[in-house]
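Breakdown of the fold
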Amino acid sequence: MEDRSAPLGPYRATKLWNEVTTSFRVGMPLRKHRQHLKKYSNCFTAGEAVDWLYDLLRSNSNFGPEVTRQQTVQLLRKFLKNHVIEDIKGRWGSENLDDNNQLFRFPATSPLKTLPQRHTEIRKASTEYFSKEKDSIFKLRNLSRKTPKKGGLLFSQENTENISHERIINEDQENSTDNREISQEDVEEVWRYIIMIYLQTILGVPSIEELISPNQVIPQYIIYNMSNTSKHGVVILQDKSEDLPHWVLSAMKCLANWPKSNDTNNPTYVGFERDVFRTIADYFLDLPEPLLTFEYYELFVNILGLLQPHLERVAINALQLCCLLLPPPNRRKLQLLMRMISRMSQNVDMPKLHEEIGTRSLMIHTFSRCVLCCAEEVDLDELLASRLVSFLMDHHQEILQVPTYLQTAVEKHLDNIRKNRVKNPGDGQVVPLPTYSYCKQISTQEFDEQKISTSQAAIEELLENIVRSKSLSLKEKRRKLRQFQKEYPLIYKKRFPTTESEAALLDDKPTIKQPMLSLRNTKLRSLRY
């Protein structure tokens, strides 16, 4: 299938749904089938649909190669529920579909979902984001979202000054008579203005307000997330009541450092690591909203459109800025969760946590919906969330670090305001974004060669870790390789193209069976005496 991508903008999940259903309806092969001594034309089996849709999703950059067959079955059930398909008797509305020989067909009606009417009304009513009236848009007093709690995430004016403009004021203190005094409101408005400009530039949308309202950008959260971090870049919360419970932190540290964790003195037993993992999963799945919050769902879904090999740097930059918008407790939980599941998925010493799927797939499947989901049920939620979590796992260190260029841009803009070069926080030029090589034009052949995602590279790295591990016994290494071959046959075949190469690694010498009957050349003697 030609790899297309729904355009960035509002209601992208709905546009992706329409794109997938259209591709499925147009491309799914139809033929005659016989069932119960009766012939049916222009139909397909559930198994055939799973095969075709599975290949479609894996080749689409919006979903990626880590889509599982079970997720494909789940999507087909959504198709049946929403009348994208129906059984040969015309029944639909349920999710009664399995990976078998049950027959289905396409209905005569269109399966496309209509975009909400609110979208067109907003486009007509809204003015350009960078209009002359933008200074009135960025007023903090109109924020509808609650501010951080006192004593916990409270951002004081003293802290703001230290971060944003104390250095600027000290540099020109002698000429302060000609300079404008910078207020707390100026600082907050500049932070909001700069980050929205950068987001619009990175995403390339006509108006960033289509994806996020200025009222959703909380300057206090951004500044806190950038200034209150540990040496590893993890947010430190002043209000410990908003942090992860101690028992959850201990459990996460135990699995992240397995088997060398010394955080717990509890004796281990068979299945101990599975119980610890289940405890962590239960905590995150019981959170009242996803870590990326409901209100930023549209923003993060749009970034999924950038998860392509030649746009990887753009996606990292966009996610880096968007994750700064999160409430500090959410950002800290996201940082710790990504660090844990990334380490677990690469740890060759980690015991098997599931009988049928590998550790990486289990991490993505378990935590995707507690990272990203919509407040209202969306049919593509699981697939979209899985794609995003997979990318976050592979790039979490860079995405969740503090972007220094952002603070530089804010300080430069505040300096221009103080020197009366700019009258309002929302006016004037800003420091340009760092430039990268992702804008280089590449050929179609080069793009196809880059289509293997970084997630596959991580899987190949995991295979190499198993191969080179000196702590695994030969029997254990052979068992892990068989498990890997079952889950990722193509990658395994690439690493071991022949049985001889595999045998050389495992010191297996081909066994030559002895002939069942050994015939020796006996000397014939004469029968005559």
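For every chain, the first residue of the written sequence is number 1, and numbering continues from 1 along that sequence. The model is predicted, so local features are restricted to residues of pLDDT at least 70 and side-chain atom pairs to those at 80 or more, both for listing and for counting; the totals for chains, interfaces and linings are taken over all residues. Side-chain metrics in this entry use all non-hydrogen atoms of the structure; hydrogen atoms and water are not considered.

1. Thoughts on the overall build of the protein chain
Selection criterion: Only runs of H or I of at least four residues qualify as helices and only runs of E of at least two qualify as strands under DSSP, and these elements are numbered from the N terminus. The buried label goes to any residue with under 20% of its type's maximum accessible area, the exposed label to any with over 50%, and the partly exposed label to all in between, with areas taken from a 1.4 Å probe on protein chains only. Here a residue-residue contact requires only that any non-hydrogen atoms of the pair lie within 4.5 Å. Per-residue accessibility takes into account occlusion by the displayed protein chains alone, with areas from the Shrake-Rupley method and a 1.4 Å probe.
For the protein chain, the count of helices and strands is 22 helices and 4 strands. Burial status across the protein chain gives 49% buried among its 529 residues. Nonlocal contacts in the protein chain, meaning residues at least 24 apart in sequence, comprise 71% of its contacts between residues at least 6 apart. Split by element, the accessible area of the protein chain, about 28,500 Å² in all, is 49% carbon and sulfur.

2. Details of the nonpolar core
Which entries qualify depends on this criterion: Take the buried Ala, Val, Leu, Ile, Met, Phe, Trp, Tyr and Cys residues and link them wherever side-chain atoms come within 4.5 Å; each set so joined is a nonpolar core. The split of the chain into domains comes from an automatic or database domain assignment.
Formed by 117 residues in total, the largest nonpolar core has its most connected members in I85 and F367. At 12 residues, helix α8 (residues 184-203) tops the list of elements feeding residues into this core. Counting residues domain by domain, this core receives three or more from each of domain 1 (12-104) and domain 2 (211-403). Contacts of I85, omitting those with residues within four sequence positions, involve F24, F44, L76, F79, L80, W92, L97, F104, R105, F106 and P107. By size, the runner-up hydrophobic cluster in this structure holds 14 residues, among which are L462, L472, F484 and Y488.

3. Side note on empty space enclosed by the protein
So the rule is basically this: The rule is simple: put a 1 Å grid over the protein atoms alone, call a set of points where a 1.4 Å probe fits but cannot get out a cavity, call an open set with protein on both sides within 12 Å along at least five of seven lines a pocket, and count a residue as lining if it has an atom within 4 Å of a point. Grid points are joined across faces, edges and corners, and a volume is the space filled by probe spheres set on the points. Each residue is assigned to one class: nonpolar for Ala, Val, Leu, Ile, Met, Phe, Trp, Tyr, Cys and Pro, charged for Asp, Glu, Lys and Arg, and polar for all the others, Gly among them.
Applying the stated rule across the entire model yields 3 cavities of 30 Å³ or more. By volume, the largest cavity is sized at about 280 Å³. Contributing elements (two or more residues each) for the lining of the largest cavity: α15 (359-371), α19 (454-468) and α20 (474-487). Among the residues forming the lining of the largest cavity, the class breakdown is 9 nonpolar, 7 polar and 4 charged. Considered as a void within the structure, the second largest cavity measures approximately 70 Å³ in volume. Along its surface, the second largest cavity is lined by 12 residues, and F63, E66, V67, S386 and R387 are the ones closest to its centre. Looking at the lining of the second largest cavity, its residues break down into 5 nonpolar, 5 polar and 2 charged. A domain-level breakdown of the lining of the second largest cavity finds at least three residues from each of domain 1 (12-104) and domain 2 (211-403).

4. Describing the pattern of salt bridges
Here is the rule we go by: By definition here, a salt bridge exists when the distance from a side-chain nitrogen of Lys or Arg to a carboxyl oxygen of Asp or Glu is within 4 Å.
As enumerated under the stated definition, the model contains 19 salt bridges in all. As a salt-bridge pair, D99 and R69 come within 2.7 Å of each other at their nearest N and O atoms. Placement of D99 in the loop between β3 (86-87) and β4 (103-105) and of R69 in helix α3 (residues 69-81) is noted, with a sequence separation of 30 residues between them. Overall, D99 belongs to the partly exposed group, its relative accessible area being 39%. Exposure remark for R69: the relative accessible area of 31% places this residue in the partly exposed category. Between E95 and K78 there is a salt bridge, and its shortest N-O distance comes to 3.8 Å. Within this pair, whereas E95 is found in the loop between β3 and β4, its partner K78 is found in helix α3, the two being separated by 17 residues in sequence. A relative accessible area of 33% means that E95 is categorised as partly exposed. Residues joined in a network through salt bridges with shared partners are D51, R69 and D99.

5. Remarks on the environment of Y193
Within the secondary structure, Y193 is located in helix α8. Among the residues examined, Y193 registers a relative accessible area of 3% and is labelled buried. For the pair formed by Y193 and P214, sequence separation is 21 residues and the distance between their alpha carbons is 8.5 Å.

6. Some points on the packing of α8 against helix α13 (residues 312-324)
The criterion, for reference: All axes here are fitted lines through C-alpha atoms, helices being fitted over the stretch that makes contact, and every angle between N-to-C directions spans 0 to 180 degrees. For classification purposes, an angle smaller than 35 degrees is called roughly parallel, one larger than 145 roughly antiparallel, one from 65 to 115 roughly perpendicular, and anything else oblique. Two helices cross in a left-handed way if the nearer one is turned anticlockwise from the farther one by less than a right angle. They cross in a right-handed way if the turn is clockwise.
Their axes nearest at 10 Å, the elements α8 and α13 cross at an angle of 150 degrees. Compared by their axis directions, α8 and α13 come out roughly antiparallel. For the pair α8 and α13, the sense of crossing is left-handed. Contact residues: I195, Y198, L199, I202 and L203 in α8; V314, N317, A318, L321, C322 and L324 in α13. Each residue belonging to the contact of α8 with α13 can be placed in one class, and the counts come to 10 nonpolar, 1 polar and no charged.

7. Notes on the packing of aromatic side chains
As a reminder of what qualifies: Aromatic pairs are defined between Phe, Tyr and Trp rings, using the six-membered ring for Trp, whenever the two ring centres lie within 6.5 Å; interplanar angles under 30 degrees are classed as stacked, those over 60 as edge-to-face, and all others as tilted.
The tally for this structure, following the rule as stated, stands at 14 aromatic pairs. Where F24 meets F79, the ring centres are 5.5 Å apart and the plane angle is 40 degrees; that geometry is what we call tilted. With F24 in helix α1 (residues 12-27) and F79 in helix α3, this residue pair connects regions lying 55 residues apart in the sequence. Each member of the pair, F24 as well as F79, carries the same accessibility label: buried. Ring centres 6.3 Å apart and planes at 25 degrees place the aromatic pair W258 and F272 in the stacked group.

8. Some words on the sheet that holds strand β2 (residues 38-45)
Think of a sheet as strands paired side by side through backbone hydrogen bonds, with each pair either parallel or antiparallel. How we decide: Two strands pair under a simple rule: DSSP has to find at least two bridges between them.
The sheet built from 4 strands is open, its strands ordered β1-β2-β4-β3 with antiparallel pairing. This sheet does not close on itself; its edge strands, each paired only once, are β1 (31-35) and β3. Note: β2 against β4, 2 bridges, orientation antiparallel. Bridge pairing links T45 to L103 in β4. Where helix α2 (residues 46-59) meets the sheet, it contacts β1, β2 and β4, and its direction lies at approximately 20 degrees from that of β2.

9. Digging into the pairing of β1
Two strands pair when backbone bridges link them, and β1 and β2 are joined in this way by 4 bridges, in the antiparallel orientation. Paired with R34 across the bridge in β2 is K39. Turn length for the β1-β2 hairpin, with the two strands adjacent in sequence and antiparallel, is 2 residues, and the turn residue H36 shows positive phi of about 55 degrees.

10. Here we look at the side chain of T45
Where we set the bar: Pairing of N or O atoms within 3.5 Å defines a polar contact, subject to two protein rules: one partner must be a possible hydrogen donor and the other a possible acceptor, and residues neighboring in sequence count only if both atoms are side-chain atoms.
Summarising the element assignment, T45 is placed in strand β2. Relative accessible area serves as the criterion here: at 7%, T45 is assigned to the buried category. Within the structure, the side chain of T45 is placed 3.0 Å from the backbone nitrogen of E48, a separation counted as a polar contact. For T45, the contacting residues outside a window of four places in its chain are H33, N100, N101, Q102 and L103.

11. Focus on helix α11 (residues 272-285)
Stated precisely, the cut-off is as follows: Each residue after the first adds 1.5 Å to the expected span of a helix.
With 14 residues, α11 ought to run about 20 Å at 1.5 Å a step, and its terminal C-alpha atoms sit 20 Å apart, in line with that. Along α11, the residues classified as buried are F272, E273, V276, F277, I280, A281, Y283 and F284. Looking at the buried positions of α11, the neighbouring elements they touch are α10 (246-256), α14 (328-346) and α15.

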